[in-house]
Amino acid sequence: MKSNLAVLSSDNKTIKFIEDNNINDLCYLYANSSRNIDNAQSFCNSNGFQKYYGSYEELINDDEI
């Protein structure tokens, strides 16, 4: 059973790590957060994540993680 993956980053190094290690085969790309919501949204849309947050606290409070 796959778990939801959440990342505290909107950096391209994050998605490279996920792809290089086939983590997307093990987990659903669920959510990411950034201190800048525009960066989080762009990262989400570009990389197939389902949700994005403009603060780390919002991400941590998501019950689906």
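Numbers given for residues are sequential positions, taken from 1 along each chain in its written order. The predicted nature of this model means local features are confined to residues of pLDDT at least 70 and side-chain atom pairs, given and counted, to a pLDDT of 80 or more, with totals for whole chains, interfaces and linings taken over all residues. Note that the side-chain values use all heavy atoms of the structure and ignore hydrogens as well as water.

Draft legend 1. Up close: the overall build of the chain. Summing up its helical and strand segments, the chain has four helices and three strands in all. Strands are runs of DSSP state E lasting at least two residues, helices are runs of H or I lasting at least four, and both sets are numbered from the N terminus onward. Start at the N end of the chain and walk to the C end: the helices and strands fall as β-α-α-β-α-β-α. Dimensions along the principal axes, computed over C-alpha positions, put the chain at roughly 25 × 25 × 15 Å. Partly exposed describes any residue whose relative accessible area lies between the buried limit of under 20% and the exposed limit of over 50%, with all areas from a 1.4 Å probe on protein chains only and scaled to the type maximum. Relative to its 65 residues, the chain shows a buried fraction of 35%. What sets the accessible areas is the Shrake-Rupley method with a 1.4 Å probe; for residues, cover comes only from the shown protein chains. Counting every atom, the chain has about 4400 Å² of accessible surface; 45% of that belongs to carbon and sulfur. Under the counting rule used here, the positive set is Lys and Arg, the negative set is Asp and Glu, and His together with the chain ends is not counted. Every charge is mapped to an atom, namely NZ of Lys, CZ of Arg, CG of Asp or CD of Glu. When the 5 basic and 10 acidic side-chain charges of the chain are each reduced to a single mean position, those positions are 6 Å apart.

Draft legend 2. Examining the sheet that holds strand β2 (residues 27-33) more closely. DSSP calls a pair of strands paired once it identifies at least 2 bridges connecting them. What the three strands build is an open sheet, ordered β1-β2-β3; its pairing is parallel. Pairing within the sheet leaves two strands with one partner each, and these edge strands are β1 (3-7) and β3 (51-53). Direction aside, neighbouring strands of the sheet carry axes that sit 25° apart on average. For β1 and β2, the ladder comprises five bridges, and the chain directions are parallel. For Leu 5, the partnering residue across the bridge sits in β2 and is Leu 29. The strands that helix α3 (residues 37-47) touches are β1, β2 and β3; relative to β3, the one it contacts most, it runs at about 165°. Fitting a line to C-alpha atoms yields each axis, with helices limited to the stretch in contact; the angle taken between N-to-C directions then spans 0 to 180 degrees. Here a residue-residue contact requires only that any non-hydrogen atoms of the pair lie within 4.5 Å.

Draft legend 3. Up close: the confidence of the model for the chain. As a per-residue measure, pLDDT reflects the predictor's confidence and takes values from 0 up to 100. Of the residues in the chain, 100% reach a pLDDT of 70 or more, and the chain-wide mean stands at 93. Averaged pLDDT values for the elements of the chain fall to 91 in helix α2 (residues 23-26) and rise to 96 in β3.

Draft legend 4. Region of the structure containing the nonpolar core. If you look at the biggest cluster of nonpolar residues, it comprises 10 residues: Leu 5, Val 7, Ile 15, Ile 18, Ile 23, Cys 27, Leu 29, Phe 43, Cys 44 and Phe 49. Only β1, α1 (12-20), β2 and α3 provide two or more residues apiece to this core. Apart from the residues within four sequence positions on either side, Leu 29 is in contact with Leu 5, Ile 18, Asn 24, Asn 47, Gly 48, Phe 49 and Gln 50. Definition of nonpolar core: a set of buried residues of the types Ala, Val, Leu, Ile, Met, Phe, Trp, Tyr and Cys, connected through side-chain atoms within 4.5 Å.

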